[in-house]
Amino acid sequence: MIREQLTNWLEIDLDALSSNVKQIKARLAVNCRLLAVVKNDAYGLGAPEVARHLADQVDYLAVSTLQEALSLRSEGVALPILVFIPPLRGQVDLFVKHNLTATLDSKQTLEVLRGSGLAVHLKVNTGMNRLGLAVAEVAETAEQAQADGLIITGIYSHFAAAAEKSCAQKQLALFKQVLTELDCKSIKRGLAHMANSAAIVNLPEAHLDMVRAGTLLYGQSPVTLPAGFALTD
C-alpha cells in the first residue's frame, strides 16, 4: 500500500505571539486584564502550546467547550479558564474538579449550577441575541446565584458587530447600565469584559476590567489598525 506523504506543514512562531500580546497591552489601561481566546485549538495553532507559552503573559483563557478546557488542564495549564458554553447537569462535577469558570446565562443554567460552589461569569444579552440574561433580569439572577452558593467572578457580553461603532456603542451602553445597577445594589460582579479583538482596537471605552483577544493575538485584525499598532503573523 502506498502511503500519502505530507508535503506541507504549519510552523508557529511563539515570539510573534508574544509580540502581539505586547502590542495589545500597550493599548490597555494599567489595571485592565487580558484574556486570551484559545477556542478551536487556538484557531488551529495548537491550544496547549499557545496556552503554556502565554501562562505568564495573560490573565485568563477562554474556550468554547468543556472538552477544550479539560484538554488544557490535562496538559498542565493552570490559568483560569472561562468556558463560554454553559454546563449541562452531568458536567458540573468536572467543572468543579478542574477549577473551571462556568458561564451563567439563564435561570435554567442557575438551576443546574445551584449548590455547586462554582465560580461563574454572568453572560448578558445586550443585542447579539444568541445566549445571555436579559438586561432586566441580571441583578435578580446575580442575587439568587450568590444565595445559592455560586461565586460571581465576572460578567460579560458579546458584541453583535464590534466593527460597527454605532451599534457597538449602543450595546456597550446597555452593558454599562447593568454594571451600574449591580454596583448600586452592592452586588459583587467581578471582572467586567465585553471588548473582543475589534473593540480592543477601535472602541477603547469598552476595555473595562478585561478584554478578550482572539484573532488579534494571532496576527489578524478584523478592523483597520491605527498607525503604530503592528501585528506579527
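In the block above lies the structure referred to throughout.
For every chain, the first residue of the written sequence is number 1, and numbering continues from 1 onward in sequence order. Where local features are concerned, this predicted model is filtered to residues with pLDDT of at least 70; where side-chain atom pairs are given and counted, the filter is 80 or more; whole-chain, interface and lining totals use all residues. Remark: hydrogens and water are excluded; side-chain values derive from all non-hydrogen atoms of the structure.

1. Some remarks on the overall build of the protein chain
Under the DSSP-based scheme used, a helix requires at least four consecutive residues in state H or I and a strand at least two consecutive residues in state E, with every element numbered from the N terminus. Each helix and strand in the protein chain was counted, giving nine helices and eight strands. If one aligns the C-alpha atoms of the protein chain with their principal axes, the spans along those axes are about 60 × 50 × 30 Å. Looking at the protein chain as a whole, 49% of its 233 residues are labelled buried. When contacts within the protein chain are restricted to residue pairs at least 6 apart in sequence, long-range pairs at least 24 apart make up 59% of them. For the accessible areas, the method is Shrake-Rupley and the probe is 1.4 Å, while residue cover comes only from the protein chains on display. A total accessible area of about 11,600 Å² is found for the protein chain, and carbon and sulfur atoms account for 50% of it. Partly exposed describes any residue whose relative accessible area lies between the buried limit of under 20% and the exposed limit of over 50%, with all areas from a 1.4 Å probe on protein chains only and scaled to the type maximum. Contacts were defined at the residue level, with two residues in contact if any of their heavy atoms lie within 4.5 Å.

2. Topic: the pattern of salt bridges
Basic side-chain nitrogens of Lys or Arg form a salt bridge, by our definition, when they fall within 4 Å of a carboxyl oxygen of Asp or Glu. Summed over the entire model, instances satisfying the criterion amount to seven salt bridges. Note that D148 and R114 form a salt bridge whose closest N and O atoms lie 2.6 Å from each other. Placement of the pair is D148 in the loop between α7 (138–147) and β6 (151–157) and R114 in the loop between α6 (107–113) and β5 (119–124), with a sequence separation of 34 residues. According to the relative accessible area criterion, D148 is buried, its value standing at 15%.

3. Quick word on the environment of A51
Within the element layout of this structure, A51 appears in helix α3 (residues 47–53). Judged by relative accessible area, A51 falls into the buried class, the value being 1%. A51 has contacts with L61, L72, V77 and L79, leaving out every residue within four places of it along the chain.

4. Quick word on unusual backbone geometry
Although it is not a glycine, N40 sits at a positive phi angle of roughly 55°. The topology assignment puts N40 in helix α2 (residues 39–44). The phi dihedral of N99 falls on the positive side, at around 55°, and the residue is not glycine. Tracing the backbone shows N99 in the loop between α5 (92–97) and β4 (101–104). By relative accessible area, N99 is classed as exposed at 59%.

5. Some details on the nonpolar core
What is meant by a nonpolar core is a set of buried Ala, Val, Leu, Ile, Met, Phe, Trp, Tyr and Cys residues, joined one to another through side-chain atoms within 4.5 Å. Formed by 71 residues in total, the largest nonpolar core has its most connected members in I24, V38, L61, L72, I155, F159 and L217. It is helix α8 (residues 165–184) that contributes the most residues to this core, six residues altogether. If sequence neighbours within four positions are ignored, F159 has contacts with M128, A168, Q171, L172, M194, A195, N196, A199, L203 and A206. Counting nine residues, the second largest nonpolar core, distinct from the first, contains Y60, Y156, L191 and M210.

6. Regarding the packing of α7 against α8
Axes here refer to lines fitted to C-alpha atoms; in helices the fit is confined to the stretch in contact. Angles between the N-to-C directions go from 0 to 180 degrees. Remark: α7 packs on α8, axes separated minimally by 10 Å, with the N-to-C direction vectors making an angle of 45°. The pairing of α7 with α8 is recorded here as oblique in orientation. Of the two possible hands of crossing, α7 and α8 adopt the one that is right-handed. From α7, V138, A139 and A142 reach across to α8, where they touch V178, E181 and L182. Under the convention adopted here, Pro, Cys and the residues Ala, Val, Leu, Ile, Met, Phe, Trp and Tyr are nonpolar, Asp, Glu, Lys and Arg are charged, and Gly plus all remaining residues are polar. When its residues are assigned to classes, the contact of α7 with α8 shows five nonpolar, no polar and one charged. Any angle between 65 and 115 degrees counts as roughly perpendicular, while under 35 counts as roughly parallel, over 145 as roughly antiparallel, and the rest as oblique. Put simply, a crossing is left-handed when the front helix is turned counterclockwise from the back one by less than a right angle, and right-handed when it is turned clockwise.

7. Here's the deal with the pairing of strand β8 (residues 210–213)
Side chains M210 and R212 project from β8 onto one buried face, and the interleaved V211 and A213 project onto a second face that is buried too. At least two DSSP bridges between two strands are required for those strands to pair. Where strand β1 (residues 33–37) meets β8, four bridges bridge the pair, whose relative direction is parallel. Bridging from a neighbouring strand, R33 pairs with M210 of β8.

8. Section: helix α1 (residues 14–25)
Helix length check: α1 (12 residues) gives 17 Å between terminal C-alpha atoms against 16 Å at 1.5 Å per residue, within 8%. Taken together, the buried positions of α1 are occupied by A16, L17, S18, N20, V21, Q23 and I24. In the core, the buried residues of α1 are packed alongside β1, α3, α9 (197–202) and β8. Sitting at the head of α1, D13 places a side-chain oxygen 3.0 Å from the backbone nitrogen of D15. A helix is expected to span 1.5 Å multiplied by its residue count minus one. Under the rule applied, a polar contact is a pair of N or O atoms within 3.5 Å (in protein, one hydrogen donor and one hydrogen acceptor; residues adjacent in sequence only if both atoms are side-chain atoms).

9. A short note on α8
Since the α-helix advances by 3.6 residues per turn, residues separated by three or four positions end up pointing in the same direction. Between its terminal C-alpha atoms α8 stretches 28 Å, which fits the 28 Å expected from 20 residues at 1.5 Å a residue. Among the residues of α8, A168, Q171, L172, F175, V178, L179 and L182 are the ones counted as buried. Down the axis, α8 shows its buried residues gathered within 115° of arc, on one side only. For α8, the exposed residues lying more than 90 degrees away from the buried face are S166, K170 and C184. On its buried face, α8 sits against β5, α7, β6 and β7 (191–193). Within two residues after α8, S186 carries a phi angle of roughly 55°, on the positive side. Throughout, the arc means that of the directions going from the helix axis to the C-beta atoms.

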